[in-house]
Amino acid sequence: MNSLTNDPVPARRRPVIGICARTAPVTLQGSDLLVALALQSHVAFLSEAGCTPLLLPLLPGAEDLVGRLDALLVPGGPDLDPALYGQAAHPATRAMSPDADRVELALMRRALDARLPVLAICRGMQLLNVLHAGSLHQHLADVTGHDGHRPRTQSFTLGRLPLKLLPGSKIAAILEEDAPQTACHHHQAVDRIGDGLTVTARAEDGTVEAVEVTGHPFAIGVQWESGHTADKRLHQALAHAARRPENEPAAAISIH
């Protein structure tokens with residue numbers, strides 16, 4: 001028997017997508033705990049798209065795990081330390097964790113240098129901008145004059161604002177709709193655009209809602225809360241990019 005022709009074909013390995021963990025207090029079975037966690041929708045959407053999600057606590061050396069990843073998702077979270085972009089903290093800037101910020105910056109830098117697909121959501125997009133020497137509006141309502149990006153309601157409410165997409169951009173190809181809207185909840189936003197980034201979506205008030213790393217096969221930042229709705233298109237696009245060989249043309253990805 002010829003083992004070269006009769007051995008079973010090995011199953012294709014599921015791409016491993018790292019998700020940057022967030023630290024939060026929880027109460028479990030009456031005990032107050034501090035846990036490292038990820039939004040379950042990020043885990044579920046990536047798993048449904050044929051990938052293996054891997055939680056990455058923001059500890060020193062986390063960037064050394066990039067060699068074991070096929071893509072990286074950087075989710076929303078607390079405000080960045082304004083010292084990273086040369087500013088003092090605004091009174092509304094809160095819940096900063098400078099040590100975690102620096103670990104996450106190193107992790108994102110390593111992933112981009114390795115040409116891994118990167119999806120950066122909300123805080124993640126702001127981190128992407130700061131990594132490229134950009135800055136942030138620390139309290140967006142001071143600039144726009146309204147609270148539409150973070151509605152002031154008793155319960156968590158997503159802001160729904162029309163989006164203007166850059167034709168021919170990756171984000172336009174992924175969303176592929178005539179009247180896209182944000183699903184946002186943020187009080188900070190991109191101010192000075194980082195070097196090597198292209199703005200690919202804005203709200204009607206001019207707020208930057210999406211950026212892409214120029215010349216990178218797939219490195220997208222979105223300001224809205226992807227994962228807080230049932231829309232899986234961005235996660236599916238990240239999974240698709242994680243499976244694509246580096247030498248395949250980086251055409252715009254359309255997910256249906």
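This text goes with the structure placed above it.
Overview of the structure. (Residues numbered from 1 in each chain as written. Predicted model: local features only at pLDDT ≥ 70, side-chain atom pairs only at ≥ 80, totals over all residues. Heavy atoms only, no water.)

1. Regarding the overall build of the protein
Here's step 1: Within the protein, the regular secondary structure consists of seven helices and 12 strands.
Here's step 2: Relative to its length of 256 residues, the protein is compact, with a C-alpha radius of gyration of 19 Å against a globular reference of 18 Å.
Here's step 3: Each of the 256 residues in the protein was classed as buried or not, and the buried ones make up 47%.
Here's step 4: Of the contacts formed within the protein by residues at least 6 apart in sequence, a portion of 69% connects residues at least 24 apart.
Here's step 5: When the accessible surface of the protein is totalled, it reaches about 12500 Å², and 53% of it is carbon and sulfur.
Here's step 6: Of the charged side chains in the protein, 22 are positive and 27 negative, and the gap between their average positions amounts to 3 Å. (Helix = DSSP H or I, 4+ residues; strand = E, 2+ residues; numbered from the N terminus. Rg over C-alpha atoms; globule rule 2.2 N^0.38 Å. Buried < 20%, exposed > 50% of the residue type's maximum accessible area, 1.4 Å probe, protein only. Contact = heavy atoms within 4.5 Å. Areas by Shrake-Rupley, 256 points an atom, 1.4 Å probe, with all protein chains shown as cover. Lys, Arg positive; Asp, Glu negative; His and termini not counted. Charge placed at Lys NZ, Arg CZ, Asp CG, Glu CD.)

2. Here we look at the pairing of strand 1 (residues 16-20)
Here's step 1: For strand 1, the buried fraction is high: five of the five residues fall into the buried class.
Here's step 2: Judged from the five bridges that link them, strand 1 and strand 4 (residues 52-56) form a sheet pairing that is parallel. Its bridge partner lying in strand 4, Gly18 is registered against Leu54.
Here's step 3: Taken together, the three bridges between strand 1 and strand 5 (residues 71-74) define a ladder with parallel strand orientation. The residue bridging Ile17 from the neighbouring strand is Ala71, located in strand 5. (Pairing = 2+ DSSP bridges.)

3. Examining the sheet that holds strand 6 (residues 118-121)
Here's step 1: Ordered in space as 4-1-5-6-12-11-10-8, the eight strands form an open sheet in which the pairing is mixed. Of all the strands in the sheet, the pair left with one neighbour each is strand 4 and strand 8 (163-165). Here the average twist between neighbouring strands, direction ignored, is 20°.
Here's step 2: Pairing of strand 8 with strand 10 (residues 197-203), which is carried by three bridges, proceeds in the antiparallel orientation. The residue bridging Lys164 from the neighbouring strand is Arg202, located in strand 10. (Axes fitted to C-alpha atoms, helices over the stretch in contact; angles between N-to-C directions.)

4. Considering the environment of Ser31
Here's step 1: Its place among the elements puts Ser31 in strand 3 (residues 31-37).
Here's step 2: With 26 residues separating them along the chain, Ser31 and Pro57 place their C-alpha atoms 22 Å apart.

5. What about the pairing of strand 10?
Here's step 1: Judged from the five bridges that link them, strand 10 and strand 11 (residues 208-213) form a sheet pairing that is antiparallel. Bridge pairing in strand 11 links Leu197 to Val213.
Here's step 2: Linkage of strand 10 to strand 11, two consecutive antiparallel strands, is achieved through a turn of four residues, within which Gly206 is found at a positive phi near 95°.

6. A short note on unusual backbone geometry
Note on backbone geometry: most residues besides glycine have negative phi, and most peptide bonds are trans.
Here's step 1: Positive phi values are uncommon outside glycine, yet Gln29 reaches one of about 50°.
Here's step 2: Structurally, Gln29 is set in the loop between strand 2 (22-28) and strand 3.

7. Overview of the pattern of salt bridges
Here's step 1: Counted under the stated rule, the structure contains 12 salt bridges.
Here's step 2: A salt bridge links Asp81 to Arg102; the shortest N-O distance between them is 3.6 Å. With Asp81 in the loop between strand 5 and helix 3 (98-113) and Arg102 in helix 3, the pair connects residues that are 21 residues apart, well separated along the chain.
Here's step 3: Between Asp101 and Arg123 there is a salt bridge; the shortest N-O distance is 2.8 Å. Placement of Asp101 in helix 3 and of Arg123 in helix 4 (residues 123-131) is noted, with a sequence separation of 22 residues between them.
Here's step 4: Residues joined in a network through salt bridges with shared partners are Arg22, Asp101, Glu104 and Arg123. (Salt bridge = Lys/Arg side-chain N within 4 Å of Asp/Glu carboxyl O.)

8. Details of the packing of helix 3 against helix 4
Here's step 1: Running from amino to carboxyl end, helix 3 crosses helix 4 at an angle of 75°, the nearest separation of the two axes being 10 Å. When the axis of helix 3 is compared with that of helix 4, the two are roughly perpendicular. Contacts from Asp101, Glu104, Leu105, Met108, Arg109 and Leu112 in helix 3 reach Arg123, Gly124, Leu127, Leu128 and Leu131 in helix 4.
Here's step 2: Class assignment of the residues belonging to the contact of helix 3 with helix 4 gives a composition of six nonpolar, one polar and four charged. (Parallel < 35°, antiparallel > 145°, perpendicular 65-115°, else oblique. Nonpolar A, V, L, I, M, F, W, Y, C, P; charged D, E, K, R; others polar.)

9. Concerning helix 3
Here's step 1: Taking 1.5 Å per residue as the helical rise, helix 3 with its 16 residues ought to reach 22 Å, and the 23 Å between its terminal C-alpha atoms agrees with that figure.
Here's step 2: Here helix 3 has its buried residues at Ala100, Asp101, Val103, Glu104, Leu105, Leu107, Met108, Ala111 and Leu112.
Here's step 3: In the stretch just after helix 3, Arg115 is the one whose phi turns positive, near 65°. (Expected span 1.5 Å × (residues − 1).)

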